[in-house]
Amino acid sequence: MGGQPVWTGNSDAVCKELASSPFGLSSSQAHARLVENGPNEIQDKDKKEWFDILASQFASPLLLILIFASIISVFLGELFDTAIIIIIIAASVLLGFVQEYKSERVLSTLKRYFSYKAVVLRNGGKARVDSRKLVAGDIVFVRLGDIVPADMRILETDGITVDEGVLTGESRPVQKNAMAQAGAAQNPQEIRNGLFMGTTIVDGYAKAIVVATGQGTYFGRTAAVFSSKVPESDFQLGIRKFGSLLLRVITVLTVIVFLSNYALGHGDKNPLADSALFALAIAIGIAPEALPAIITVTLSNGSMHMAKKSVIIKKLAAIEDLGNMDILCTDKTGTLTAEGIHVEGYVDLDKRDSHDVFQYALLCNAAVGTTHVRGSPIDVAIKKHGQQHKIDVSRFKRIGEVPFDFSRRRMGAVVREARKTMLIVKGEPESVLACCTKVRMSDKLYATSVKRALLRRMIVGYNKDGMSTIGVAYREISPKSKYGVADELGLVFIGFVLLSNPPKPTVRATLARLARLNIRLKVLTGDDPLVTMKIASLVGFKPQGGRVVLGHELEKMNGKEFASAVEEVDIFARVTPQQKMLIVEALRANGHVVGFLGDGINDAPALRTADVGISVDTAADVAKEASHIILLKKSLDVVCDGVEEGRRIFNNVTKYILNTMSANQGNMVTVMLSSFFLPFIPLLPSQILLNNLMSDLPLLTVASDNVDAAQVKRPKKWDIGMIMRFMVFFGIISTVFDLLLILIMHFFMNVDVAQFRTAWFLESVLSEMIIVFSLRTRLPFFKSMPSWILIFASIAACAASFGVIYFAPIADAFHFVPLDASVLMLIGGILAAYVAATEIGKVIFFSRIEKEIS
């Protein structure tokens with residue numbers, strides 16, 4: 001971290017202290033310092049090392065219970081069964097570890113896709129470099145919207161304001177300067193000539209020198225930065241609530257199974273130990289312990305799949321939230337229209353082409369760079385147009401600036417030509433007109449009040465033609481050391497720069513795709529309502545109600561009117577950043593899952609508030625930081641791809657839960673009921689755990705299963721009530737056929753205990769493998785094609801279940817015996833009837849669900 005000399009010394013002393021100069025470092029100097037001090041990044045506190053991942057596998061309460069039970073069984077002398085149980089636990093832990101470790105690697109890979117750029121002086125010239133490659137001594141340029149990439153001492157500024165809340169907790173932005181500190185300072189709040197990593201530039205511009213990077217910054221050394229917990233998404237909250245409910249149900253049923261078996265004296269050797277181990281093994285068997293692995297696999301695979309489509313996921317759970325989205329809020333630029341803004345013309349108030357109007361607009365411009373021009377879209381368009389048409393403004397010298405802000409909606413520049421000094425103001429026409437007392441028309445000056453109606457008719461006319469207007473005004477001003485907003489008065493309005501934003505050729509098809517996905521689009525723009533409606537009509541976007549609500553109308557509404565307006569209206573124009581955020585908040589309060597697509601500084605509040613904040617790689621740093629998902633290209637089509645992927649993931653996670661819980665619940669009820677009439681424990685603990693492991697392995701492939709087209713048409717939300725109803729309904733069907741098998745074998749075929757246990761083990765594994773092909777779809781199973789990997793995995797699991805029965809070493813270890821042909825035929829008949837009954841049950845169950853929804 002920079003010591004006192006970098007804050008108290010003058011610019012030359014600071015450069016000397018850091019072995020640098022006002023012209024920056026050379027590439028070789030920067031590389032040497034990077035090698036010596038490491039990259040400019042903060043250690044990722046959320047990153048898990050392999051030992052953390054391994055340890056987390058033992059966090060499951062059910063696994064801990066089973067380990068505890070295994071220890072007890074050692075003292076009871078059940079050494080062989082204990083060994084088998086521990087081997088199976090180890091296999092489950094290893095499986096979870098491998099999947100989560102792979103997911104961690106996926107996240108690390110995704111982080112390489114996006115980074116923040118910094119404008120630095122290298123080899124005497126400006127260059128954009130990855131902020132992680134900044135070193136002490138680098139000269140960096142920052143402006144409105146940038147996130148400060150390192151701790152820096154300001155060398156030059158015309159006035160800069162910084163939001164340091166992330167570092168200091170201070171709610172108000174702080175003004176900074178380039179003057180040396182008068183005395184010693186120990187914390188950022190006291191340092192007025194410093195910019196600190198992680199803070200945001202909210203106004204102005206500065207040239208600064210890097211004094212500390214990475215862990216050496218104030219940000220890097222502030223532990224409190226990492227203390228906040230990321231709030232749970234709707235999906236994560238649902239999973240947690242479901243897990244808590246399931247644990248309570250399992251606990252109650254496990255106690256019942258234990259007491260009933262112990263009371264009836266079931267057990268081969270020790271009724272107490274055998275009943276306890278059996279009940280605990282059943283608890284493990286009913287729990288969907290592979291669910292975390294399923295979620296991990298589906299989300300990590302989905303994130304890598306989306307990366308190939310130019311969508312970078314910063315938070316894995318955001319994929320599922322994207323799938324649940326039913327409203328998407330966005331600006332029109334880059335979504336309904338092409339990314340670039342074009343200068344269509346520049347006219348005076350007689351509607352004649354005016355070189356003066358464009359020349360003044362070019363002088364009052366904050367875009368920087370020549371080959372790669374960056375800045376606000378409007379400033380970039382004006383500067384590029386000037387370059388293309390070789391507009392020469394070299395006779396002017398720019399000596400001051402009044403930076404743009406979103407409350408004024410204009411900016412000012414002070415320029416000198418020979419002995420004349422002028423203040424030029426450019427911005428939203430009404431905002432500029434508010435500063436004008438005169439207008440120039442036909443080479444004469446008129447009072448603004450006299451021509452205001454004419455000017456408004458001109459603006460409306462251009463807007464109806466789909467062109468935005470930028471007003472330009474000026475006045476002569478006396479030279480002084482500093483200029484501000486107070487100087488923006490008494491101006492002469494001289495004309496308009498006309499801008500267009502042509503519709504994207506593919507936007508009609510994209511809007512139709514959004515409609516098919518049942519996502520309602522809402523346009524939130526700061527642009528003119530007439531321009532916005534013209535663009536909407538050109539692309540075929542038909543807003544509900546056919547009207548536009550303006551920002552000033554929203555200000556006058558009470559809470560109920562506001563909530564109603566955001567629900568009924570699809571286009572909001574002339575809205576402020578605060579109003580965008582309030583619209584998103586109101587939509588969420590109305591029960592919607594809201595996505596917000598934005599790339600500007602003014603979009604950051606809404607991006608943070610939305611369920612899914614979506615930005616683009618070229619966005620302002622503060623917008624990228626606030627988002628959950630980053631697009632490498634701004635396109636609604638790419639967003640639609642992400643929605644479909646999110647819905648596919650949600651459906652596959654749900655498939656696993658529904659299939660596993662219905663089968664496991666059926667087995668639990670069967671065990672409870674059979675305990676009252678069987679004179680023995682129907683399955684040994686080791687057999688139950690082997691059954692559980694063999695059935696879970698192929699179900700992991702559900703993560704990559706195909707999803708029916710109908711299941712991605714609508715957003716889905718976590719519905720615990722439906723899951724519980726599904727579990728009970730299809731669990732009862734499973735129980736009926738399990739009991740049918742048990743009753744026939746025990747009362748009619750009189751099979752011995754070993755054959756009974758072997759037969760039920762085989763039937764349980766085969767039924768769960770076969771029934772997944774029915775429960776994975778609402779369609780008849782033969783009309784929905786599963787993934788080949790699920791087919792092969794299920795065939796392999798079925799073959800393995802026969803293998804453990806007929807391969808003597810394994811069979812002996814688990815107390816399995818070969819089955820008679822009559823028993824195998826019975827199992828085949830039961831399975832066929834089970835599938836048929838499940839297919840009929842699907843029709844009944846889902847028809848009821850559809851009626852309730854409608």
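Residues numbered from 1 in each chain as written. Predicted model: local features only at pLDDT ≥ 70, side-chain atom pairs only at ≥ 80, totals over all residues. Heavy atoms only, no water.

Asker: Got a sec to walk through the pattern of salt bridges? Specific residues and values, please.
Answerer: As enumerated under the stated definition, the model contains 24 salt bridges in all. The partner of R588 in a salt bridge is D611, with the nearest N and O atoms 3.2 Å apart. Here R588 is found in helix α21 (residues 577-589), whereas its partner D611 is found in the loop between α22 (604-609) and β22 (612-616), with 23 residues between them in sequence. In this structure, D705 and K655 form a salt bridge, with 2.7 Å as the shortest nitrogen-oxygen distance. Placement of the pair is D705 in the loop between α25 (685-699) and α26 (720-748) and K655 in helix α24 (residues 636-674), with a sequence separation of 50 residues. The same class applies to D705 as to K655, namely buried. Overlapping salt bridges, with partners in common, bring together R513, D637, D641 and E644 in one network. (Salt bridge = Lys/Arg side-chain N within 4 Å of Asp/Glu carboxyl O. Helix = DSSP H or I, 4+ residues; strand = E, 2+ residues; numbered from the N terminus. Buried < 20%, exposed > 50% of the residue type's maximum accessible area, 1.4 Å probe, protein only.)

Asker: Before we move on, can you summarise the packing of aromatic side chains with the specific residues and values?
Answerer: Enumeration over the complete set of coordinates arrives at 21 aromatic pairs. An aromatic cluster is built from F726, F729, F730, F845 and F846, whose rings are joined through pairwise contacts. Of note, K126 hangs over the ring of F141, and the distance from its end group to the ring centre comes to 4.3 Å. One cation-aromatic arrangement involves K451 over Y446; the distance from NZ or CZ to the ring centre is 4.6 Å. (Phe/Tyr/Trp six-rings, centres within 6.5 Å; stacked < 30°, edge-to-face > 60°. Lys NZ or Arg CZ within 6 Å of the ring centre and 35° of its normal.)

Asker: Any details on the environment of S449? Residues and values, ideally.
Answerer: With respect to the helices and strands, S449 occurs in helix α16 (residues 448-464). Once the C-alpha coordinates of S449 and T437 are considered, the two residues, 12 residues apart in sequence, prove to be 7.9 Å apart.

Asker: Break down the packing of helix α12 (residues 317-324) against α24 for me, citing the residues and quoting the values.
Answerer: At their nearest, the axes of α12 and α24 sit 7 Å apart, and the two run at 105° to each other. If you check the angle between α12 and α24, you find them roughly perpendicular. Where α12 approaches α24, its residues I319, E320, L322, G323 and N324 are matched on the opposing element by V639, G642, V643, E645, G646, R647, I649 and F650. (Axes fitted to C-alpha atoms, helices over the stretch in contact; angles between N-to-C directions. Parallel < 35°, antiparallel > 145°, perpendicular 65-115°, else oblique. Contact = heavy atoms within 4.5 Å.)

Asker: Which residues make up the state of the cysteines, and what are the values?
Answerer: With the rule as written, the count across this model stands at 0 disulfides. With no disulfide of its own, C435 lies closest to C436 among cysteine sulfurs, the gap being 6.4 Å. Judged by relative accessible area, which is 6%, C435 ranks as buried. (Disulfide = S-S within 2.5 Å.)

Asker: Quick rundown of the packing of α25 against helix α27 (residues 753-775)? Include the residues and the values.
Answerer: α27 packs onto α25 with a crossing angle of 20° between their chain directions and a minimal axis gap of 10 Å. Taken as axis vectors, α25 and α27 run roughly parallel relative to one another. Between α25 and α27 lies a crossing whose hand is right-handed. Contact residues: Q687, L690, N691, M694, S695, P698 and L699 in α25; R757, F761, S764, V765, E768, M769 and V772 in α27. Each residue belonging to the contact of α25 with α27 can be placed in one class, and the counts come to 8 nonpolar, 4 polar and 2 charged. (Left-handed = near helix turned anticlockwise from the far one by under 90°. Nonpolar A, V, L, I, M, F, W, Y, C, P; charged D, E, K, R; others polar.)

Asker: Which residues make up the pairing of strand β15 (residues 444-447), and what values do they have?
Answerer: Sheet analysis places strand β14 (residues 436-441) next to β15, joined by 4 bridges and oriented antiparallel. Bridged to R440 within β15 is L445. The antiparallel hairpin formed by β14 and β15 contains 2 residues in its connecting segment, where S442 sits at a positive phi of about 55°. (Pairing = 2+ DSSP bridges.)

Asker: Now, about unusual backbone geometry: what can you tell me, with residues and values included?
Answerer: Peptide bonds are trans in most cases, and residues, glycine excluded, mostly fall at negative phi. Backbone geometry at K390 places phi at a positive 50°, although glycine is not the residue there. Examined against the element boundaries, K390 turns out to sit in the loop between α14 (377-388) and β11 (397-405). For D443, which is not a glycine, the phi torsion comes out positive at approximately 60°. Assignment of secondary structure puts D443 in the loop between β14 and β15.

Asker: Which residues make up the sheet that holds strand β9 (residues 327-330), and what are the values?
Answerer: Across the sheet, which stays open at both edges, the 8 strands sit in the order β8-β23-β22-β21-β9-β18-β20-β19 with mixed pairing between neighbours. Because the sheet does not close on itself, it has two edges, and the strands there are β8 (311-313) and β19 (548-550). Going from strand to strand, the sheet's axes swing by 20° on average, the running direction of each strand aside. The pairing of β22 with strand β23 (residues 629-631) spans 3 bridges and is parallel. Counterpart to V616 in the pairing with β23 is L631.

Asker: Hey, could you go over the confidence of the model for the protein chain for me, with residue numbers and the actual values?
Answerer: With 84% of its residues at a pLDDT of 70 or more, the protein chain shows a mean pLDDT of 82. In this model residues 223-231 is a low-confidence stretch, pLDDT under 50, and it forms 8 contacts with partners more than four residues away in sequence or in other chains. (pLDDT = per-residue confidence, 0-100.)

Asker: Can you explain the side chain of R513? Please cite residues and give values.
Answerer: Residue placement: R513 occurs in helix α17 (residues 507-516). For R513, a relative accessible area of 15% gives the class buried. Excluding anything up to four places from it in sequence, R513 contacts D637, C640, D641 and E644.

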